[in-house]
Amino acid sequence: MEKAITTAMKQPGKDKITDPDYDVKVEYESKEGELPTHELHLWLGEKNEQSMFMYVADDSVYLTSAEMTRKLRELFQIN
């Protein structure tokens, strides 16, 4: 999940927003204060598609790569 967040590309403007597929809370196993806890709205793409997420406290849209969607689908155990 960390790699999905750190490699996603921020998009200009807003996409048409629908209800997310998942609401996710990401907590890191790192030294205190290094990486903050993130609460995200996640729209999980289908195979070979990008996924999209937004931070709960922000309305900026971020897109992952299709390869990262594959890894996220594995993480969520979705074929």
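To be clear, the structure that these remarks concern was listed above.
Residues numbered from 1 in each chain as written. Predicted model: local features only at pLDDT ≥ 70, side-chain atom pairs only at ≥ 80, totals over all residues. Heavy atoms only, no water.

Visitor: Hey, could you run me through the sheet that holds strand β5 (residues 61-63) in this one?
Guide: Hydrogen bonding along the main chain pairs the strands of a sheet, whether they run parallel or antiparallel. Pairing within the open sheet is antiparallel, and its 5 strands lie in the order β1-β5-β4-β3-β2. Of all strands in the sheet, those bounded by a partner on one side alone are β1 (9-11) and β2 (22-26). This sheet shows a mean twist of 35° between the axes of neighbouring strands, independent of strand direction. (Pairing = 2+ DSSP bridges. Helix = DSSP H or I, 4+ residues; strand = E, 2+ residues; numbered from the N terminus. Axes fitted to C-alpha atoms, helices over the stretch in contact; angles between N-to-C directions.)

Visitor: Please explain the pattern of salt bridges as it appears in this structure.
Guide: Note on pairing: side chains with opposite charge can pair once their charged atoms come close. With the rule as written, the count across this model stands at 3 salt bridges. Between E27 and K25 there is a salt bridge, with its nearest N and O atoms 3.6 Å apart. Salt-bridge contacts for E67 lead to R70; the nearest nitrogen and oxygen are separated by 2.5 Å. One end of the pair is E67 and the other is R70, both in helix α2 (residues 66-75) and 3 residues apart, which spans about a single turn. For R70, a relative accessible area of 39% translates into the label partly exposed. One network of salt bridges, in which partners are shared, links E67, R70 and E74. (Salt bridge = Lys/Arg side-chain N within 4 Å of Asp/Glu carboxyl O. Buried < 20%, exposed > 50% of the residue type's maximum accessible area, 1.4 Å probe, protein only.)

Visitor: Just to check I follow, could you spell out the pairing of strand β4 (residues 52-55) for this structure?
Guide: Remember that side chains alternate between the two faces of the sheet whenever the strand is regular. Here β4 shows a buried face lined by M52 and M54 and a second buried face lined by F53 and Y55. Inspection of the sheet shows strand β3 (residues 38-43) paired to β4 by 4 bridges, in the antiparallel sense. Looking at the pairing, L40 lines up with Y55 of β4. Pairing analysis gives 2 bridges linking β4 to β5, with the strands arranged antiparallel. Considered in β5, the bridge of F53 is made with Y62. The hairpin turn running from β4 into β5, its antiparallel successor, is 5 residues long.

Visitor: In this structure, what is going on with the packing of aromatic side chains? I would like to understand it.
Guide: Centre-to-centre distance and the angle between the planes together describe a pair of aromatic rings. Applying the stated rule across the entire model yields 4 aromatic pairs. Their ring planes at 35° and their centres at 4.6 Å tell us that Y22 and F76 sit as a pair that is tilted. Taken together, the residues Y22 in strand β2 and F76 in the segment after α2 connect sequence positions 54 residues apart. Ring geometry for F53 against Y55: centres 5.7 Å apart, planes inclined by 90°, an arrangement best described as edge-to-face. On the accessibility criterion, F53 (1% relative accessible area) is buried. The exposure class of Y55 is buried, given its relative accessible area of 18%. Connected via pairs of aromatic rings, a cluster forms that spans F53, Y55 and Y62. (Phe/Tyr/Trp six-rings, centres within 6.5 Å; stacked < 30°, edge-to-face > 60°.)

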